[in-house]
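Given next are the chains, with one letter for each unit.
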Amino acid sequence: MVMMITKSLILTYLYLLIYISLSSGVILYNKWVLSRSHFNFPFPITLTMIHMAFSGAVAFVLVRVLKVVAPVKMTLEIYVTCVVPISAFFASSLWFGNTAYLYISVAFIQMLKALMPVATFLMAVLCGTDTPRCDLFLNMLLVSLGVVVSSYGEIHFNIVGTAYQVTGIFAEALRLVLTQVLLQKKGLTLNPITSLYYIAPCSFLFLFVPWFLLEKPAMESQQITFNFWIFFTNALCALALNFSIFLVIGRTGAITVRVAGVLKDWILIALSTLVFPESMLTGLNIIGYAIALCGVVLYNYIKMKDAWASSQLPTDVLPEKGRLLMKVSWHFANPIKCLRLCPSGSSLRILCCSSSEGSQT
């Protein structure tokens, strides 16, 4: 029995280590590829399109050729009304998030990502999937204050890069809320493979227009040399990250992933200052991020408490949102087999495909 527990713990910690390593590695790899002082490929839309094409191709092989998973019953109406708008905002969040790497440091980007709960809450209230609450509002003010302090302490503050990153955060938040509003009505069940199968190709097409207008002329004039192995390994790491998130959740649960995400952010901030010497941290950076992080932790605690309170009520007296919470189900024997897309309390918590780690985890 002790041996089984020990093996189980070792496997759990191994999964967490893989997730933290891949998540940090993809972000640092993207920064290195895009940075003008390193690999010098300053074309974030192109990089995102490569990720989408690679993920979509792998998903197609797994679904249609190897038949690892079966496709869901997708009608044209569901695809147009659900998948298309979700893909549009998913592509936008990755585009803007990756573009921010050209202007601001990885460390500062991670600090700005603390705004994600604020953006999600505001979008949920605007879309009518959440209601304004005093405790959450004060919590959002705490997070925002921390980000403002951190921004004030940033040595290489760049308004363009900050605007790109914040826009990407709000695009990702709107994608999450739209997923709640649109997909829950259809009762669709997507796993990470089918998510990539449907969303990646559509996101690729959305990115084609800005790529054709903004990056294609510049790439032709600069005569860019395409390094196959750099982009192949970069896309492979991004795809592996998608699957590792679901494996970790299937093994441990979403709460553990959130805690691991906090640890990953601190590790990533420290690593980025070593890998990219131009990334310098100040005392105000650290203080501001610590304040924002306290707000994020408090936000997660409030949401977990709400979810726990809802789970104690009989399902016949729960409101629709509460009943949807009870629909989250994992097949632990095969952790990537099934994930039901539904809200956590009144705030959506969906881990869908985020292959470029532009705004994801």
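Counting restarts for each chain, with residues numbered from 1 along the sequence as it is written. Local features in a predicted model are, by the rule used here, given only for residues with pLDDT of at least 70; side-chain atom pairs are given and counted only at 80 or more, and totals for whole chains, interfaces and linings are based on all residues. The side-chain figures draw on all heavy atoms in the structure; neither hydrogens nor water molecules are used.

Draft legend 1. Up close: the nonpolar core. By size, the foremost hydrophobic cluster in this structure holds 82 residues, and its most contacted members are V33, V106, I193 and L207. For V33, the residues in contact, after removing those within four places along its chain, are F39, N40, F41, L47, I230, F231 and N234. Counting residues in each nonpolar core, the second largest holds eleven residues, with I245, I249, V257 and A260 among its members. In these notes, a set of buried Ala, Val, Leu, Ile, Met, Phe, Trp, Tyr and Cys residues joined through side-chain atoms within 4.5 Å is what counts as a nonpolar core. Only protein chains enter the accessibility calculation, which uses a 1.4 Å probe. A residue is then buried if its area is under 20% of the maximum for its type, exposed if over 50%, and partly exposed in between. The contact criterion used throughout is that any non-hydrogen atoms of two residues lie within 4.5 Å.

Draft legend 2. Representation of the pattern of salt bridges within the structure. For this document, the term salt bridge refers to a Lys or Arg side-chain nitrogen within 4 Å of an Asp or Glu carboxyl oxygen. What the rule picks out here adds up to four salt bridges. A salt bridge links E220 to K216; the nearest nitrogen and oxygen atoms lie 2.6 Å apart. Of the two residues, E220 and K216 both sit in helix α8 (residues 192-222), four residues apart, roughly one turn of that helix. With a shortest N-O distance of 3.2 Å, D265 and K264 are connected by a salt bridge. Residue class for D265 comes out buried when judged on its relative accessible area of 13%. K264 sits in the buried class, given a relative accessible area of 0%. Strands are runs of DSSP state E lasting at least two residues, helices are runs of H or I lasting at least four, and both sets are numbered from the N terminus onward.

Draft legend 3. Spotlight on the environment of S87. Following the sequence through the fold, S87 ends up in helix α3 (residues 76-99). The spacing of S87 and R175 is 88 residues in sequence and 8.0 Å in space, taken between C-alpha atoms. Once you skip the residues sitting within four places of it in the chain, S87 turns out to touch I199, C202, S203 and F206.

Draft legend 4. Structural context of a nonpolar patch on the surface. Among the surface-exposed residues, F60, V61, V65, L66 and V68 lie close enough to one another that they form a single nonpolar patch of about 460 Å² accessible area. By secondary structure assignment, the location of F60 is in helix α2 (residues 44-65). Judged by relative accessible area, F60 falls into the partly exposed class, the value being 43%. What goes into a patch is any residue over 30% in relative accessible area without a salt bridge, connected to like charges within 9 Å or, for nonpolar side chains (Val, Leu, Ile, Met, Phe, Trp, Tyr), within 5 Å. Where accessible areas are quoted, they stem from the Shrake-Rupley method and a 1.4 Å probe; at the residue level, only the protein chains shown are allowed to cover.

Draft legend 5. Empty space enclosed by the protein, seen in detail. Here the term cavity refers to a set of points on a 1 Å grid, laid over the protein atoms alone, in which a 1.4 Å probe fits but cannot get out; the term pocket refers to an open set having protein on both sides within 12 Å along at least five of seven lines, with lining residues being those that place an atom within 4 Å of a point. Grid points are joined across faces, edges and corners, and a volume is the space filled by probe spheres set on the points. Across all of its chains, the model carries one cavity of 30 Å³ or more by this definition. Lining the largest cavity are C82, V83, I86, L183, L190 and I199. A per-element tally of the lining of the largest cavity places α3 first, with three residues. Residue composition of the lining of the largest cavity, grouped by class: six nonpolar, no polar and no charged. Residues are sorted three ways: Asp, Glu, Lys and Arg are charged, Ala, Val, Leu, Ile, Met, Phe, Trp, Tyr, Cys and Pro are nonpolar, and all the rest, Gly among them, are polar.

Note that every value here comes from positions in space, so none of it alone points to a role or purpose.
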